[in-house]
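Each chain, written out:
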Amino acid sequence: MRKNTAMAKLKSHDKLGMRLGIILTELFSGKTVELETLSLEFNVSVRTIQRDLNERLMYLPISNTRGTYKLDQAYLARIVSSNKSVSYTHLTLPTIYSV
């Protein structure tokens, strides 16, 4: 409940950042997240949470089984076994600025 009170005072882009940060923390902790639970926790629609997981976090290997999302175990194991340093060289992120 404390999250909802704190988040109510934030601007929309800050709410998005905090929501994604919390979702990422849950996923990287090896936990499974559910659309309905996240929707209620953050007081947003299920569609918003789907957008977060399917579009905003699309660069991660997240599996979806009937509204339940989980980070791929092999990916998670690779990160954990990489000596506490994370390498993001395998990610292909969209180019925002052209040089």
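Further up the page is the structure itself.
In this text, all values refer to a predicted model and were calculated from it rather than measured experimentally.

Topic: the environment of Glu55
Thinking step 1. Take Glu55: it is sitting in helix α4 (residues 46-56).
Thinking step 2. Judged by relative accessible area, which is 44%, Glu55 ranks as partly exposed.
Thinking step 3. Beyond its immediate sequence surroundings of up to four residues, Glu55 is in contact with Arg47 and Gln50.

Brief notes about the pairing of strand β3 (residues 68-71)
Thinking step 1. Going residue by residue along β3, you find Tyr69 and Leu71 tucked away on one face and Thr68 and Lys70 left uncovered on the opposite face.
Thinking step 2. The sheet contact formed by strand β1 (residues 33-34) and β3 spans two bridges and is antiparallel. Opposite Glu34, over in β3, you have Thr68 as the bridge partner.
Thinking step 3. Sheet topology note: the strand β2 (residues 62-65)/β3 ladder contains four bridges and is antiparallel. Opposite Ser63, over in β3, you have Lys70 as the bridge partner.

Details of the sheet that holds β2
Thinking step 1. If you trace the three strands from one edge of the open sheet to the other, you get β1-β3-β2, paired in antiparallel fashion. Of all the strands in the sheet, the pair left with one neighbour each is β1 and β2.
Thinking step 2. Each of β1, β2 and β3 touches helix α2 (residues 12-28); the most contacted strand, β3, lies at about 65° to it.

Looking at the packing of α2 against helix α3 (residues 35-42)
Thinking step 1. For the pair α2 and α3, the least separation of the axes is 12 Å and the interaxial angle reads 140°. Classified by the angle between their axes, α2 and α3 sit oblique to one another. Between α2 and α3 lies a crossing of right-handed hand. Between α2, through Arg19, Ile22 and Ile23, and α3, the contact on the second element is made entirely by Leu38, Glu41 and Phe42.
Thinking step 2. Of the residues that constitute the contact of α2 with α3, the class distribution is four nonpolar, no polar and two charged.

Comments concerning the environment of Ile22
Thinking step 1. For Ile22, the location among the structural elements is in helix α2.
Thinking step 2. Using a relative accessible area of 18% as the deciding quantity, one classes Ile22 as buried.
Thinking step 3. For the pair formed by Ile22 and Leu38, sequence separation is 16 residues and the distance between their alpha carbons is 9.9 Å.

Remarks on the side chain of Asp52
Thinking step 1. Positionally, Asp52 belongs in helix α4.
Thinking step 2. Looking at Asp52, the relative accessible area reads 0%, which means it is buried.
Thinking step 3. Within the structure, Asp52 has its side chain in polar contact with the side chain of Arg56 (distance 2.5 Å).

Here we look at the nonpolar core
Proteins that are soluble and globular tend to have nonpolar side chains buried together.
Thinking step 1. Ranked by size, the top nonpolar core spans 18 residues in total, and within it Ile23, Leu27, Ile49, Leu53, Ile62 and Leu71 carry the most contacts.
Thinking step 2. Going through the elements one at a time, α2, α3, α4, β3 and α5 (73-80) are the ones with two or more residues in this core.
Thinking step 3. Considering each element in turn, this core owes the most residues, four residues, to α2.
Thinking step 4. With residues up to four places along the chain from it excluded, the contact list for Ile23 reads Leu38, Phe42, Ile49, Asp52, Leu53 and Leu57.

Parameters at a glance
- Residues numbered from 1 in each chain as written.
- Predicted model: local features only at pLDDT ≥ 70, side-chain atom pairs only at ≥ 80, totals over all residues.
- Heavy atoms only, no water.
- Helix = DSSP H or I, 4+ residues; strand = E, 2+ residues; numbered from the N terminus.
- Buried < 20%, exposed > 50% of the residue type's maximum accessible area, 1.4 Å probe, protein only.
- Contact = heavy atoms within 4.5 Å.
- Pairing = 2+ DSSP bridges.
- Axes fitted to C-alpha atoms, helices over the stretch in contact; angles between N-to-C directions.
- Parallel < 35°, antiparallel > 145°, perpendicular 65-115°, else oblique.
- Left-handed = near helix turned anticlockwise from the far one by under 90°.
- Nonpolar A, V, L, I, M, F, W, Y, C, P; charged D, E, K, R; others polar.
- Polar contact = N/O pair within 3.5 Å; in protein donor to acceptor, adjacent residues only side chain to side chain.
- Core = buried A, V, L, I, M, F, W, Y, C linked by side-chain atoms within 4.5 Å.

So yeah, pure geometry; function would need other evidence.
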